[in-house]
Amino acid sequence: MGSGALHFHVVEQTVSPATSEKLSFGRTLYISWERELHKNTSYRSDDIVWHEKEESDKWLSKNKKLYKNNKLSDIIAILSLSPLQTLSPEQLDLLIQNTSSMNPLWLSLACEELRVFGVFETLTKKIAGFPNTLQGLLGSIIQRLVLEDQVDKVKELLCLLYCCPEGVAERDLRGALSELEGGAQLPSMHWATLRRTLSCLLRVGRDHRGRDTLGFFHGSVAKAVEQCFLGSEGARQPYLCSLADYYESRCTDDFSVVLQVPRLLREAKLHARLVQFLRKDRRALSIPAHTRVQYLKVTV
């Protein structure tokens, strides 16, 4: 989904009595899901705010131009499915019965999975198999993207992004990916395919120079990547090293170098190399003394 704000107004549940009782005992819920994009690498996760009935009048009056009354079934239709691909009442009920269906982020991701699912005859089985946690659903999405990866770089790119929790300039990410692959630059067509494949998991921002940066749009994506690929001891090492190699040897932006290299070397536990960088590299002279001391402490 793009930038801006996506708003849901739930006024009624048209599902089975058991499911309706589960959905907040029939109370009217107002859901506001704000998505903000910031022009730097500092950003916050999506704010998900649930407004109870007693708070809703003032809140709805303030935002009345942005909201439209919809039943939960209508919201699901709006979120994902084309006119040629609709859910049966039984499938809709099965989706809503998932304990995470009242999480708007989980619901939107689940609907997107249904939209791209290619075997309509087994759609019911697909719905029944959805994990009942946000992290679990993201994990299944990630595994699908890896299996369908035409460029064979999805896993590597996700792991590199995991090692850059504040986001990373797109140019630097491509450079680190080429370091990981032995120096070969990924063709622009392949990079565009990667960007398109992972767009559902990414947030685009801006760095201090106004360049595009990429990062995970939600903290749960990072947790899912860790669970899928980086659970074992030392699994992050090659990705941290490729990032450090790129910044130290190929990056031309000194600000990014002094910001990233010490952190990456520390996390990779390359202490001797960290000391060498801090003491010998001219770019490290701009690092404040107290910050330098903190880095050197971990090498002792």
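Enquirer: How should I be thinking about the overall build of the chain in this particular structure?
Expert: Each helix and strand counted, the chain has 15 helices and six strands in total. Taking all 300 residues of the chain together, 47% fall into the buried category. A sequence separation of at least 24 residues applies to 66% of the contacts in the chain between residues at least 6 apart.

Enquirer: Sorry, what's going on with the side chain of Ser-242 here?
Expert: Structurally, Ser-242 is set in helix α12 (residues 237-249). Apart from the residues lying within four places of it in its own chain, the contact partners of Ser-242 are Leu-160, Ala-176, Glu-179 and Leu-180.

Enquirer: So what exactly am I meant to see when it comes to the packing of aromatic side chains here?
Expert: To describe a pair of aromatic rings, one takes the distance between the centres and the angle between the planes. A complete count under the given rule lists two aromatic pairs for this structure. With centroids separated by 6.0 Å and ring planes inclined at 85°, the aromatic side chains of Trp-106 and Phe-130 adopt a geometry described as edge-to-face. In this pair, Trp-106 is assigned in helix α5 (residues 104-116) and Phe-130 in the loop between α6 (123-128) and α7 (134-147), connecting sequence segments 24 residues apart. Residue classification places Trp-106 among the buried residues on the basis of a relative accessible area of 0%. Look at Tyr-246 and Tyr-247: their rings are 5.3 Å apart centre to centre, the planes differ by 65°, and that puts the pair in the edge-to-face class. Residue Tyr-246 is classed as buried on the basis of its relative accessible area, which comes to 5%. Given a relative accessible area of 1%, Tyr-247 falls into the buried group.

Enquirer: Help me understand the packing of α12 against helix α13 (residues 254-267), please; the structure alone is not making it clear to me.
Expert: A pair of packed helices is characterised by two quantities: the angle between their axes and the separation of those axes. Orientation of α12 relative to α13, taken along the N-to-C sense of each, is 150°, at an axis distance of 9 Å. Taken together, the axes of α12 and α13 are roughly antiparallel relative to one another. The two elements α12 and α13 cross, and the hand of that crossing is left-handed. Residues Leu-240, Leu-243, Ala-244, Tyr-247 and Glu-248 of α12 lie in contact with α13, whose contacting residues are Ser-256, Val-257, Gln-260, Val-261, Leu-264, Leu-265 and Glu-267. The class makeup of the residues in the contact of α12 with α13 is eight nonpolar, two polar and two charged.

Enquirer: Teacher, can you tell me more about the sheet that holds strand β5 (residues 202-206) here?
Expert: Backbone hydrogen bonds hold the strands of a sheet together, and the pairing may be parallel or antiparallel. Spatial ordering of the open sheet is given by β4-β6-β5, a layout of three strands whose pairing is antiparallel. The open sheet has two edge strands with one neighbour each: β4 (168-169) and β5. Pairing analysis gives five bridges linking β5 to strand β6 (residues 212-216), with the strands arranged antiparallel. Across the sheet, the residue bridging to Arg-206 is Asp-212, located in β6. Most of the contacts of helix α8 (residues 154-162) go to β6, to which it runs at about 95°, and overall it touches β4, β5 and β6.

Enquirer: It is not clear to me how the pattern of salt bridges should be interpreted in this structure. Could you clarify?
Expert: Two side chains with opposite charge may pair up if their charged atoms get near one another. For the coordinates displayed, the defined rule picks out 17 salt bridges. Notably, a salt bridge pairs Arg-206 with Asp-212, separated by 2.5 Å at the nearest N-O pair. Classification of Asp-212 as partly exposed rests on a relative accessible area of 30%. One salt-bridge network, in which partners are shared between bridges, spans Glu-113, Lys-126, Arg-144 and Glu-148.

Enquirer: Please explain unusual backbone geometry as it appears in this structure.
Expert: Peptide bonds are, in most cases, trans, and in most cases residues other than glycine have a negative phi. Look at Asp-152: it is not a glycine, yet its phi comes out positive at around 65°. Positionally, Asp-152 belongs in the loop between α7 and α8. A relative accessible area of 56% places Asp-152 in the exposed class. Within the chain, Lys-269 stands out as a residue other than glycine whose phi angle is a positive 60°. Within the secondary structure, Lys-269 sits in the loop between α13 and α14 (271-280).

Enquirer: I tried to follow the packing of α8 against α12 on my own but got confused; where do I start?
Expert: Contact pair α8 / α12: the axes reach a minimum separation of 9 Å and the direction vectors enclose 75°. Classified by the interaxial angle, the pair formed by α8 and α12 is roughly perpendicular. The segment α8 lies against α12, with Lys-155, Glu-156, Cys-159 and Leu-160 engaging Tyr-239, Ser-242 and Leu-243. Here the contact of α8 with α12 is built from residues that sort into four nonpolar, one polar and two charged.

Enquirer: Honestly, the pairing of β6 in this entry has me stumped. Any pointers?
Expert: Note on strand geometry: in a regular strand, side chains alternate between the two faces of the sheet. Of all five residues making up β6, four are buried, and the element is well covered by its neighbours. Summarising the sheet, β4 and β6 pair through two bridges and their orientation is antiparallel. Paired with Val-168 across the two strands is Leu-214, which belongs to β6. Where β5 hands over to β6, the hairpin turn is made up of five residues, of which Gly-210 adopts a positive phi near 80°.

The rules behind these values
Residues numbered from 1 in each chain as written. Predicted model: local features only at pLDDT ≥ 70, side-chain atom pairs only at ≥ 80, totals over all residues. Heavy atoms only, no water. Helix = DSSP H or I, 4+ residues; strand = E, 2+ residues; numbered from the N terminus. Buried < 20%, exposed > 50% of the residue type's maximum accessible area, 1.4 Å probe, protein only. Contact = heavy atoms within 4.5 Å. Phe/Tyr/Trp six-rings, centres within 6.5 Å; stacked < 30°, edge-to-face > 60°. Axes fitted to C-alpha atoms, helices over the stretch in contact; angles between N-to-C directions. Parallel < 35°, antiparallel > 145°, perpendicular 65-115°, else oblique. Left-handed = near helix turned anticlockwise from the far one by under 90°. Nonpolar A, V, L, I, M, F, W, Y, C, P; charged D, E, K, R; others polar. Pairing = 2+ DSSP bridges. Salt bridge = Lys/Arg side-chain N within 4 Å of Asp/Glu carboxyl O.

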